[in-house]
Amino acid sequence: MTLPVRTRIAPSPTGAPHVGTAYMALFNLAFARKNEGKMILRIEDTDQCRSTHGSEVAILESLKWLGIEWDEGPDKIGDFGPYRQSERKEIHANHIQILREKGHAYPCFCTANRLKELRSEQMSKKETPRYDGHCLNLTEEEIEKRINDGESFVIRLKVPTEGECCFTDELRGEVKINWNQIDHQVLQKSDGYPTYHLANVVDDHLMNISHVIRGEEWISSTPKHVLLYEYFGWNTPIFAHLPLLRNPDKSKLSKRKNPTGINYYKEAGFLPEVLLNYLGMMGYTLPDQREIFSLEELTQSFDIKRMSLGGPTFDLEKLKWLNGRYLREQLTQDEVVRRMIDWKINSGFMKKIIPHALQRLESFSDFIPLTGFLFQDYPKLERTSLIGKFEASYASKLIKVFEWELEKIKSWNREEICNLFQNLAEKEDKKLKEILPLFFQVITGEHVSLPLFDSIEILGQDLVRIRLRKALDFLTAEGFGISKKGLKSLEKDYRLKYGDRID
Ligand code: GLU
């Protein structure tokens, strides 16, 4: 009897919803639907420091905007919940206990300092950094005593010392990795929370996941997972590791080079079905090679073995071209009007703008010239007006620092934006009014427009980020970019003045 197909996506709610999540979700969904199965959405929020509820909400919303639907998840009760890992802590702890009792996992009391020294020693010998098994053979009495004495500890996975792990990947065939490449993975952190590896395997098993379809960055972790399945005495699911999306220079898709947030595409006026079509095109070619296809059409013809293994390049220009084709070929003119209204040409969006625009309006015909930048992806820039009184290279640095600072904003509102600018001026030893004109240009592209902080709030993080990026690109093209070396020293200064960066 073949088991029912159950796939899953397991995003970690640690930031803005990423197009990579949508890419994985799309193929998990197509595979599940094609095989009359189900797709589950599980929130992997075991990293208590980085996970936020806001990020979870945003992930669910942006997937829904794209038309991706799941059958079970935190918002869709099924028989295998809870679907949020933070609500499964006890289940994970019980499974760690099972491993302990079977002798497959052990407490480790090594201090962060010892681990750091070990790591640098191994690195200097050009060895793969991994735990050396220092705490592997402690006696039960010793363990008990140290725990009772209140020593902090983690639980680690025992890994064979010899031989190799062999598993099958649906797309790559047999994969072999030597056990000596595999670390004694921490399964439970000192705060009692499980790590990704333990929680992921336990939950995939308990949720009856038949196919684990995920990004290729997890291949090197799969031996740990295979070992866990073996230790628990469970069958492994079928693994398929999909190639990751790439920037045009073939590096892993990153927000420094491409907008990676799903929300950017919504705000910049792309159709969700086009983004989905484009993501589909990147990993898959329909048998008749057609470029325009719907989720249903992809699903009908879907065969995971036809997924391409080459790193697909996410090319924004190609996406724009495809979006244009859709507008002309797939929608009627009435539909185009309706979709534009849904986007931003509506009273909801106007009401956000009017309080700031009203003071500057004499007749309605002033409205579009005054607020056009709020409807743009990014404005056109001019060198003289952009840098104003600053040295152009200083302008580049200031924009870069602002970009880093922006990542630290917790809630996107006028007050936080205002604080950010004030802090920037203070740290740069400048007056606020000295630095604002540069950012006014970067954001609005105009000499006269709406107030800057309000405009930034209305535009939202994604459209502000692209404007900073475009301004930096513009300055680089004009010969005032930041060199690699310059960036390193800027980062160093930044850390001293502003604290660590968040990415
Ligand atoms: N939580 C992991 C992630 O954020 C899931 C990886 C997997 O699919 O196993 O990518």
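Above this note sits the structure.
The rules we used
- Residues numbered from 1 in each chain as written.
- Predicted model: local features only at pLDDT ≥ 70, side-chain atom pairs only at ≥ 80, totals over all residues.
- Heavy atoms only, no water.
- Near = heavy atom within 4 Å.
- Polar contact = N/O pair within 3.5 Å; in protein donor to acceptor, adjacent residues only side chain to side chain.
- Areas by Shrake-Rupley, 256 points an atom, 1.4 Å probe, with all protein chains shown as cover.
- 1 Å grid on protein atoms, 1.4 Å probe; cavity = no way out; pocket = protein on both sides within 12 Å on 5 of 7 lines; lining within 4 Å.
- Points joined across faces, edges and corners; volume = space filled by probe spheres on them.
- Helix = DSSP H or I, 4+ residues; strand = E, 2+ residues; numbered from the N terminus.
- Nonpolar A, V, L, I, M, F, W, Y, C, P; charged D, E, K, R; others polar.
- Buried < 20%, exposed > 50% of the residue type's maximum accessible area, 1.4 Å probe, protein only.
- Pairing = 2+ DSSP bridges.
- Right-handed = clockwise from strand over helix to strand, strands pointing away.
- Axes fitted to C-alpha atoms, helices over the stretch in contact; angles between N-to-C directions.
- Parallel < 35°, antiparallel > 145°, perpendicular 65-115°, else oblique.
- Contact = heavy atoms within 4.5 Å.
- Phe/Tyr/Trp six-rings, centres within 6.5 Å; stacked < 30°, edge-to-face > 60°.
- Lys NZ or Arg CZ within 6 Å of the ring centre and 35° of its normal.
- Arc of directions from axis to C-beta.
- Core = buried A, V, L, I, M, F, W, Y, C linked by side-chain atoms within 4.5 Å.

Around the ligand, the neighbouring residues are Arg8, Ala10, Ser12, Glu44, Tyr196, Asn200, Arg214 and Trp218. Within the side chain of Arg8, a nitrogen or oxygen atom sits 2.7 Å from an oxygen atom of the ligand. In the model, an oxygen atom of the ligand is placed 3.1 Å from a nitrogen or oxygen of the Asn200 side chain. Relative to its unbound accessible area of 300 Å², the ligand is 81% covered by the protein chains.

This brings us to empty space enclosed by the protein. All told, the structure shown has one cavity of 30 Å³ or more when counted by the stated rule. In this structure, the largest cavity is lined by Lys255, Asn258, Pro259, Thr260, Tyr264, Asp462, Arg465, Ile466 and Arg469. By residue number, the principal contributor to the lining of the largest cavity is helix α19 (residues 452-477), which donates four residues. Grouping the constituent residues of the lining of the largest cavity by class yields three nonpolar, two polar and four charged.

Counting buried positions over the five residues of strand β9 (residues 238-242) gives four, a clear majority of the element. In terms of strand pairing, strand β8 (residues 211-215) meets β9 through five bridges, oriented parallel. Within the sheet, the bridge partner assigned to Val212 lies in β9 and is Phe239. In the classification by handedness, the crossover that spans β8, the intervening helix α7 (residues 222-232) and the parallel β9 is right-handed.

In contact at an axis separation of 10 Å, helix α3 (residues 89-102) and helix α6 (residues 196-206) are set at 105° when each is read in the N-to-C sense. When the axis of α3 is compared with that of α6, the two are roughly perpendicular. Residue-level inspection shows Ile91, His92, His95, Ile96 and Leu99 of α3 in contact with α6, the latter providing Leu198, Ala199, Val202, Asp203 and Leu206. By residue class, the composition of the contact of α3 with α6 is seven nonpolar, two polar and one charged.

Note that Glu491 resides in helix α20 (residues 484-498). Leaving out residues up to four positions away in the same chain, Glu491 has contacts with Trp404 and Arg501.

With that out of the way, let us pick up the sheet that holds strand β4 (residues 154-157). Strand order in the open sheet formed by three strands is β3-β4-β7, and the pairing between neighbours is antiparallel. At either margin of the open sheet sits one strand with a lone partner, and together these are β3 (105-108) and β7 (186-188). This sheet shows a mean twist of 45° between the axes of neighbouring strands, independent of strand direction. As judged from the four bridges shared by β3 and β4, these two strands associate in the antiparallel manner. Residue Cys108 lies in a different strand from β4, and its bridge partner there is Val154.

In this section: the environment of Gln422. Mapped onto the elements of the fold, Gln422 is located in helix α17 (residues 414-427). Since its relative accessible area comes to 39%, Gln422 is described here as partly exposed. Through-space distance from the C-alpha of Gln422 to that of Ile435 is 9.7 Å; in sequence the pair is 13 residues apart.

Moving on: the packing of aromatic side chains. One pass over the structure, following the stated rule, counts 20 aromatic pairs. On the basis of an interplanar angle of 65° and a centroid distance of 6.5 Å, the ring pair of Trp343 and Phe375 is categorised as edge-to-face. Placement of Trp343 in helix α12 (residues 333-343) and of Phe375 in the loop between α14 (367-371) and α15 (383-387) is noted, with a sequence separation of 32 residues between them. One aromatic cluster is present, formed by Tyr264, Tyr265, Phe270, Tyr278 and Phe314 through successive ring pairs. Between Arg306 and the ring centre of Tyr284, over which it is positioned, the NZ or CZ distance is 5.7 Å. In this structure, Lys427 is placed above the aromatic ring of Tyr498, and the distance from its NZ or CZ to the ring centre is 5.3 Å.

Let us look at α7. For α7, the buried fraction is high: 10 of the 11 residues fall into the buried class. Every buried residue of α7 is accounted for by Thr222, Pro223, Lys224, His225, Val226, Leu227, Leu228, Tyr229, Tyr231 and Phe232. With its phi angle positive at about 80°, Gly233 sits one or two positions after the end of α7.

Turning to the environment of Val464, a few remarks are in order. Of note, Val464 is situated in helix α19. Accessibility expressed as a relative area gives 0% for Val464, which makes it buried. Excluding its chain neighbours within four sequence positions, the residues that come into contact with Val464 are Leu406, Trp412, Ile443, Ile456 and Leu459.

Let us now look at the environment of Arg100. Tracing the sequence through the fold places Arg100 in helix α3. It is 9.9 Å that separates the C-alpha atoms of Arg100 and Lys158, two residues lying 58 residues apart in sequence. Beyond its immediate stretch of four places on either side in the chain, Arg100 contacts Ala105, Tyr106, Pro107, Glu140, Ile143 and Ile155.

Glancing now at helix α13 (residues 347-357). Listed as buried for α13 are Phe349, Ile353, His356 and Ala357. Angularly, the buried residues of α13 cover 90° about the axis, an arc narrow enough to put them on a single face. In α13, the exposed positions that point more than 90 degrees away from the buried face belong to Lys351 and Pro355. Residues of α13 that are buried sit in contact with α14 and α19. Two or three places before Gly348, at the start of α13, stands the capping residue Asn346, its side-chain oxygen 3.3 Å from that residue's backbone nitrogen.

A few words now on the nonpolar core. Residues Leu63, Ile68, Phe314, Phe421 and Phe439 are the most contacted members of the largest nonpolar core, which totals 105 residues. Here this core takes 12 residues from α19, the largest share from any one element. Within the second largest apolar cluster, 30 residues are counted, among which are Leu99, Ala105, Trp179 and Leu228.

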